[in-house]
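# Reading the structure
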Amino acid sequence: MSFGEWVSQSENVLFLLVSLVMLMASVWVVVTRNLVHAALMLALALAGSAGLFLMLGAEFVAWTVVLVYIGAVVVLFLFGLMITRAPLGRDPVPVSHSRSWPAALVAVAVFATITVATTSSFGWGEDTVIEEGISRTGALGDLLFNRFVIPFEAVSFLLLAALIGGIVLARKDPKE
Amino acid sequence: MIINQFLVLAALLFSVGIYGVLVRRNAVLVLLSIELMLMAVNINLVAFGSLLQDALRGGHIFALFVITVSAAEVGIGLAIVILVFRNRSSANVDELDLMKW
């Protein structure tokens, strides 16, 4: 499939737009010196990924991303930044430029490795088309509470442990 | 839609996250970059799940598990960062060398 053919499908144009927004937002996250901007840009990138999940027909995963990531995780980051009287606005820790070139090299190498490894496993020049199909929330819930009930319980126990751990870590010691 | 476009996008986002983890010295920004990497993994999982469309919906279910685990990780990680900031009034990961031998 040539690029012109690919881009003539309207869903691919939508994919291109969403992925460009996601890329710009994620680059902004790693280069900005403003912590609040970084958290908000992360929310934008996550919203883009939720849009991609909707395009792929994974509606429950998409709305879970919106609820858990954008609704809880990013808000948690913002609360954490504001409650701790951490220096808002500009990040006081500078980016060391002696470190950024090796890091960029590592990032490019990782990108090349992952891309070659994953795309070549589907054959060079072959187009593995994703069929239209919606995974219904009801079917997903059925699976989650039948086939995957033990991992589900394990993960809920992990969340409980994280909850207790977070409280224990963040509260002030009454003896002090 | 073909599978390769999602794979390349996920690889790009993952490498951006790796760059952030390696370059940024603020612990909060390191956590944000880790979130970026987890998001890239989720894109791969959901794309494969929609490609295979197996009876168990493995890709979608595992994406849900990754989301849960990363929520737990952020909760604990942020609590640790807040604690460190309270004790040392700095969130620079380079200065946290107390346990370095």
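Residues numbered from 1 in each chain as written. Chains lettered and ligands numbered in written order. Predicted model: local features only at pLDDT ≥ 70, side-chain atom pairs only at ≥ 80, totals over all residues. Heavy atoms only, no water.

As a further point, take the nonpolar core. With 67 residues, the main nonpolar core has A:Leu52, A:Val61, A:Phe77, B:Phe6, B:Leu36 and B:Ile43 as its most contacted residues. Elements with a contribution of two residues or more to this core: α2 (10–31), α3 (35–55), α4 (59–83) and α6 (137–146) of chain A together with α1 (3–23), α2 (27–52) and α3 (58–88) of chain B. The dominant element in this core, judged by the number of residues it contributes, is α3(A), at 13 residues. Both domain 1 (1–88) and domain 2 (136–175) of chain A contribute no fewer than three residues apiece to this core. (Core = buried A, V, L, I, M, F, W, Y, C linked by side-chain atoms within 4.5 Å. Buried < 20%, exposed > 50% of the residue type's maximum accessible area, 1.4 Å probe, protein only. Helix = DSSP H or I, 4+ residues; strand = E, 2+ residues; numbered from the N terminus. Domains from an automatic or database assignment.)

Turning our eyes to something else, we now look at the side chain of B:Arg57. Among the structural elements, B:Arg57 can be located in the loop between α2 and α3. No salt bridge is formed by the buried B:Arg57; its nearest oppositely charged neighbour, B:Asp54, is found at 5.8 Å. When neighbours within four sequence positions are excluded, B:Arg57 is seen to be in contact with A:Ile134, A:Ser135, A:Leu140 and A:Leu143. (Lys, Arg positive; Asp, Glu negative; His and termini not counted. Salt bridge = Lys/Arg side-chain N within 4 Å of Asp/Glu carboxyl O. Contact = heavy atoms within 4.5 Å.)

All names here are of chain A. Side chains of Phe 157, Leu 160, Leu 163, Ile 164, Ile 167 and Val 168 sit close together on the surface and give an oily, nonpolar patch of about 620 Å² of accessible area. Mapping Ile 164 onto the fold places it in helix α7 (residues 149–170). Residue classification places Ile 164 among the partly exposed residues on the basis of a relative accessible area of 47%. (Patch = residues over 30% accessible without salt bridge, like charges linked within 9 Å, V, L, I, M, F, W, Y side chains within 5 Å. Areas by Shrake-Rupley, 256 points an atom, 1.4 Å probe, with all protein chains shown as cover.)

Below, the discussion takes up the domain arrangement of chain A. Here the domain parsing of chain A yields domain 1 (1–88) and domain 2 (136–175). Between the C-alpha centres of domain 1 of chain A and domain 2 of chain A the distance comes to 24 Å.

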